[in-house]
Amino acid sequence: MSMGKILVCGDVHCKKEVVDKALELYEENNCDRLIFIGDYTDDWNDTVQQNLEILDYLFSLKYDMGDKLILLLGNHDISNWIGGEFECSGFSEIKHVQLKFSYEGNKQDFKMAHAENGFLITHAGVCIPWLHYFLAVTGNQDLNVECLQNPRKVAALMNRYASELDLFSMDDSPLWARLQYSLEDFYFPRFKQVVGHSPVRKILWHKQGHMFFIDTHSTYSDGEKIGDGTFLIINPDGSVKIV
């Protein structure tokens, strides 16, 4: 699907200023869609109230913007929503007890993946081993060849089975993978991807994986910024611009 110019924002982690900056750039650059890549909750020294406020803010924006705003799920979102085997760093039972109702009550606002302008956009990225597993378990293994080349097909299948979270629980899944450490071409599908999840100092192009890493808003435990706070624009022809 190609709608027009899209702006993609990396992990938010309770930072309202990141959301506000994304909205500002969305308007300034005349974008047609704004995509958040997941991990809206959990930050160093956060409070339950900060987590609730960022979720309420995003849900309000989704209500106002409709399909022009895409909220993808990240591993921290699943952790705070479901807990149990999906717990990750920053998890606390106190947060989980309160946040799970906010996630559950607005679950229709989330997607597991989005494809547009030739890119697959997910929280942590899709690799071939997980994709083969996913297609086999869901009875779609006959689509292996097509899915290696077609991000729209992959996104549609991921969203169809998004409620079956066990499919996304393993370390190399699109919620948890650390694909920046994989350097073999054969490990990745042929289409281009945009992912967050792994903090980077600046938006990074991973040549072997054909993917951009855009988690430039995360911080160290003392609040010092890891990245430069930039965002990625993807044009209808697939060209990109860092802003």
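What counts as what
Residues numbered from 1 in each chain as written. Predicted model: local features only at pLDDT ≥ 70, side-chain atom pairs only at ≥ 80, totals over all residues. Heavy atoms only, no water. Core = buried A, V, L, I, M, F, W, Y, C linked by side-chain atoms within 4.5 Å. Buried < 20%, exposed > 50% of the residue type's maximum accessible area, 1.4 Å probe, protein only. Helix = DSSP H or I, 4+ residues; strand = E, 2+ residues; numbered from the N terminus. Contact = heavy atoms within 4.5 Å. Salt bridge = Lys/Arg side-chain N within 4 Å of Asp/Glu carboxyl O. Pairing = 2+ DSSP bridges. Right-handed = clockwise from strand over helix to strand, strands pointing away.

**Student:** Can you help me understand the nonpolar core in this one?
**Tutor:** As a rule of thumb, nonpolar side chains are buried together in soluble globular proteins. Counting 68 residues, the largest nonpolar core has Leu7, Leu34, Phe36, Leu131, Phe134 and Met158 as the members making the most contacts within it. In terms of residue count, the dominant contributor to this core is helix H2 (residues 48–65) (eight residues). Excluding its chain neighbours within four sequence positions, the residues that come into contact with Met158 are Met112, Ala113, Thr122, Val126, Trp130, Phe134, Phe168 and Pro174. By size, the runner-up hydrophobic cluster in this structure holds 14 residues, among which are Ile6, Ile70, Ile203 and Ile234.

**Student:** Looking at this model, I keep getting lost on the pattern of salt bridges. Mind explaining?
**Tutor:** Think of it this way: side chains of opposite charge can pair up when their charged atoms draw near. Scanning all chains against the criterion turns up eight salt bridges. Here Asp20 ties to Lys16 by a salt bridge, and the two come within 2.9 Å at their closest N and O atoms. You can see Asp20 and its partner Lys16 sitting in helix H1 (residues 16–28), four residues apart, about one turn around the helix. The class of Asp20 is partly exposed, set by a relative accessible area of 28%. Two residues, Lys95 and Asp46, come together in a salt bridge whose shortest N-O distance is 3.0 Å. With Lys95 in helix H4 (residues 93–105) and Asp46 in the loop between strand S2 (33–36) and H2, the pair connects residues that are 49 residues apart, well separated along the chain. Each of the two residues, Lys95 as well as Asp46, counts as buried.

**Student:** Explain the pairing of S2 here, please?
**Tutor:** Remark: a regular strand shows side chains that alternate across the two faces of the sheet. Side chains of S2 alternate between two faces, with Arg33 and Ile35 and Leu34 and Phe36 buried alike. In the sheet, strand S1 (residues 6–9) pairs with S2 via four bridges, with the strands oriented parallel. Across the sheet, the residue bridging to Ile6 is Arg33, located in S2. One crossover worth recording links S1 to the parallel S2 by way of H1, and it is right-handed. Note: S2 against strand S3 (residues 69–72), three bridges, orientation parallel. Residue pairing in the sheet places Ile35 in a bridge with Ile70 of S3. The handedness of the S2 to S3 crossover, carried by H2, is right-handed.

These figures capture arrangement, not role.
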